[in-house]
Amino acid sequence: MKKLTVFTPTYNRAYCLGDLYQSLCRQTSADFLWLVIDDGSTDGTAALVAGWMEEGKIEIRYHYKENGGMHTAHNLAYENIKTELNVCIDSDDQMTDDAVAIINGFWDKNKGDQYAGILGLDVYKDGTIVSAKKFPENIKSGKYYELAGKYGLSGDIKFVYRTEIIKKYMPYPVFEGEIFTPLGYKYLLIDYDYEMLFLNEPLCIVDYRADGNSHNLIRQYFRNPQGFLEERKVRMSSSYTFGERLKNTVHFITAQLILKKYLFWADSTNKLLTIVAMPLGFLYYFYLLYKLNYDRTRKF
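Each chain has its residues counted from 1, following the order in which its sequence is written. The model is predicted, so local features are restricted to residues of pLDDT at least 70 and side-chain atom pairs to those at 80 or more, both for listing and for counting; the totals for chains, interfaces and linings are taken over all residues. Only hydrogens and water are removed before side-chain values are computed, so all heavy atoms of the structure are retained for them.

Q: So, the nonpolar core: which residues are in play, and what are the values?
A: Within this scheme, the nonpolar core is defined by two criteria: the residues are buried Ala, Val, Leu, Ile, Met, Phe, Trp, Tyr or Cys, and they are joined through side-chain atoms within 4.5 Å. Using a 1.4 Å probe on the protein chains alone, a residue whose accessible area is under 20% of its type maximum counts as buried, one over 50% counts as exposed, and one in between counts as partly exposed. The biggest cluster of nonpolar side chains holds 33 residues, and the ones touching the most others in it are Leu-119, Phe-135, Leu-147, Tyr-161 and Ile-190. A run of DSSP states H or I qualifies as a helix once it reaches four residues; a run of E qualifies as a strand once it reaches two. Both are numbered from the N-terminal end. Secondary-structure elements contributing two or more residues to this core are β2 (32-38), α3 (70-80), β6 (115-123), α5 (147-151), β8 (157-162), α6 (163-166), α7 (184-193) and β9 (195-205). Phe-32, Ala-99, Ile-102 and Val-160 belong to the second largest nonpolar core, which has 32 residues in total.

Q: Before we move on, can you summarise the environment of Phe-222 with the specific residues and values?
A: In this structure, Phe-222 sits in helix α8 (residues 217-223). Along the sequence, Phe-222 and Tyr-151 sit 71 residues apart, while their C-alpha atoms lie 32 Å from each other. Whether two residues are in contact is decided by their heavy atoms, any of which lying within 4.5 Å being enough. Leaving out residues up to four positions away in the same chain, Phe-222 has contacts with Ile-258, Tyr-285, Leu-288, Leu-289 and Leu-292.

Q: Give a detailed account of the pairing of β8, specifying residues and quantitative values.
A: Across the 6 residues of β8, 6 count as buried, placing the element largely inside the fold. Where strand β4 (residues 85-88) and β8 come together, 3 bridges link them in antiparallel fashion. In the sheet register, Leu-85 faces β8, and the bridge partner there is Arg-162. Note on pairing: two strands pair once DSSP finds at least 2 bridges between them. Here β6 pairs with β8 via 5 bridges, running antiparallel. Across the sheet, Leu-119 pairs through a bridge with Phe-159, a residue of β8.

Q: Tell me what's going on with unusual backbone geometry, and back it up with residues and numbers.
A: The backbone of Asn-12 shows a phi angle near 50°, a positive value even though the residue is not glycine. Checked against the element boundaries, Asn-12 lands in the loop between β1 (4-10) and α1 (14-25).

Q: Help me get a handle on the pattern of salt bridges, residues and values and all.
A: Any carboxyl oxygen of Asp or Glu within 4 Å of a side-chain nitrogen of Lys or Arg constitutes a salt bridge here. Across all of its chains, the model carries 15 salt bridges by this definition. A salt bridge links Glu-84 to Lys-3, with the shortest nitrogen-to-oxygen separation between them at 3.3 Å. Note that Glu-84 is positioned in the loop between α3 and β4 and Lys-3 in the segment before β1, a separation of 81 residues in sequence. On the basis of relative accessible area, Glu-84 is assigned to the partly exposed category, the value being 33%. Arg-232 is the salt-bridge partner of Glu-231, the closest N and O atoms lying 4.0 Å from each other. Salt bridges sharing partners connect three or more residues here, namely Glu-231, Arg-232, Arg-235, Glu-244 and Lys-247.

Q: Residues and numbers for the packing of aromatic side chains, please.
A: Centre distance within 6.5 Å is the pairing criterion for rings of Phe, Tyr and Trp, where only the six-membered ring of Trp is used; planes under 30 degrees apart are then read as stacked, over 60 as edge-to-face, and the remainder as tilted. According to the stated counting rule, one finds 17 aromatic pairs in the structure shown. Seen in terms of ring centroids, Tyr-285 and Phe-286 are 5.2 Å apart; in terms of plane orientation they differ by 65°. Their pairing is edge-to-face. Grouped by ring-pair contacts, the aromatic residues Tyr-144, Tyr-145, Phe-159, Tyr-161 and Tyr-187 constitute a single cluster. Two conditions define a charge located above a ring, namely a distance within 6 Å from the ring centre to NZ of Lys or CZ of Arg, and an angle within 35 degrees of the ring normal. Above the face of the Tyr-172 ring, Lys-186 is positioned so that its terminal group lies 5.0 Å from the ring centre.

Q: An account of the packing of helix α9 (residues 225-238) against helix α10 (residues 242-258) is requested, with residue identities and associated values reported.
A: Where α9 meets α10, the axes come as close as 8 Å, and the angle between the chain directions of the two elements is 150°. Overall, the two elements α9 and α10 adopt an arrangement that is roughly antiparallel. In this structure, α9 meets α10 at a crossing whose hand is left-handed. Of the residues in α10, those in contact with Pro-225, Leu-229, Arg-232, Lys-233, Arg-235 and Met-236 of α9 are Glu-244, Arg-245, Asn-248, Thr-249, His-251, Phe-252, Ala-255, Gln-256 and Ile-258. Polar here means any residue other than Ala, Val, Leu, Ile, Met, Phe, Trp, Tyr, Cys and Pro, which are nonpolar, and Asp, Glu, Lys and Arg, which are charged; Gly is therefore polar. Of the residues that constitute the contact of α9 with α10, the class distribution is 6 nonpolar, 4 polar and 5 charged. Here an angle of 0 to 180 degrees is reported between the N-to-C directions of two axes, which are lines fitted to C-alpha atoms, with helices fitted over the stretch in contact. Note that the term roughly parallel is reserved for angles under 35 degrees, roughly antiparallel for angles over 145, roughly perpendicular for angles of 65 to 115, and oblique for everything else. Left-handed is the label given to a crossing in which the near helix is rotated counterclockwise from the far helix by less than a right angle, and right-handed is the label when the rotation is clockwise.

Q: I'd like a rundown of a nonpolar patch on the surface, residues and numbers included.
A: A surface patch of nonpolar side chains, about 310 Å² in accessible area, is lined by Leu-263, Trp-265 and Ile-275. The residue Leu-263 is located in the loop between α10 and α11 (271-276) in this model. Two joining distances apply to patches: 9 Å for like charges and 5 Å for nonpolar side chains (Val, Leu, Ile, Met, Phe, Trp, Tyr), and every residue must have over 30% relative accessible area and no salt bridge. The Shrake-Rupley method, run with a 1.4 Å probe sphere, supplies the accessible areas, and residue values consider only the shown protein chains as cover.

Q: Kindly report on the pairing of β6, identifying the contributing residues and their values.
A: Within β6, 9 of the 9 residues are buried, which leaves the element mostly enclosed by the surrounding structure. Relative to β9, β6 runs parallel, the two being bridged by 7 bridges. Paired with Ile-118 across the two strands is Leu-197, which belongs to β9.

Q: Go over α1, please, and point to the residues and values.
A: A helix's residues, less one, multiplied by 1.5 Å, set its expected span. When the terminal C-alpha atoms of α1 are compared, their 17 Å separation across 12 residues agrees well with the 16 Å that a helix rising 1.5 Å per residue should span. Taken together, the buried positions of α1 are occupied by Cys-16, Leu-17, Leu-20, Tyr-21, Ser-23 and Leu-24. The buried side chains of α1 occupy one side of the element, clustering within an arc of 165° when seen end-on. Of the surrounding elements, those touching the buried residues of α1 are β1, β2, α2 (45-55), β3 (60-64) and β5 (94-95). As used here, the arc belongs to the directions running from the helix axis to the C-beta atoms.

Q: Quick one: what's the story with the side chain of Thr-5, residue by residue and with numbers?
A: Inspection of the secondary structure assignment puts Thr-5 in strand β1. When its relative accessible area of 1% is taken as the criterion, Thr-5 is described as buried. The term polar contact refers here to a pair of N or O atoms within 3.5 Å; inside protein, the definition further demands a hydrogen-donor-capable atom paired with an acceptor-capable atom, and it admits residues adjacent in sequence only when both atoms are side-chain atoms. At a separation of 2.7 Å, a polar atom in the side chain of Thr-5 contacts the side chain of Thr-83. Sequence-distant contacts of Thr-5, defined by excluding residues within four places in its chain, comprise Leu-33, Leu-35, Ile-81, Thr-83, Leu-85, Asn-86 and Val-87.

By themselves, these are just geometric observations and shouldn't be taken as functional.
If you want it as structure tokens, here you go:
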């Protein structure tokens, strides 16, 4: 059996999925398989992937599902992954040519029951590190949610998880009429039980496109308030610093306002902080409303 599954949730990304495929074909190690989770694409993605499977350059598995959002694609991926390790590479990103060899070799050298996996680096096409800086050279492992406050890393990084660990935790919650729940919901739960090994090597070349979640967060907030609310409930009581707990409590109140639920403290995991943060929650709600309306009406 292969050691690593590279899985890719995709929705109508046939126009750029080929760049990721080519990067996988260039890998210096073949000890991986590519799992494509098609989240209801209507742009010929199925035929495209079928053609690559016929080429036989790399091992590919393909699953189609009705459109339900990124988090539901992750749920399906975790149900089907059998390898020791897994890593998500988005449909508009690419793997560095030696990423598979680096991941597998690093894990074999450093793995242990106390580690849920590896944190590696994302880079832009020009080689700039997305997180602005590397992990501390003298520290072997740590918690993902401590990276910003403790080590000054901000921005996306790459998660490589032990499959047996990530399967231990509940799937991402799914809410009727919504197609987005932040993926950090599960990462925080794992964070409390395990550490992650730090790997100062670029594993993924990112390309933030206009049709991606990163560019549409405010709209996502209003379209999927229950998904955001569920994540904030966890983070407002479990964050490592008071500042993080306060920020997530403000987001929790904002999501409640979007849902027109006005007894904020009734569903809160930190009732006292919720009452204290109510003015900030209202201010942030009206700020997001302004931003949403501005984005809708501005002329390009």
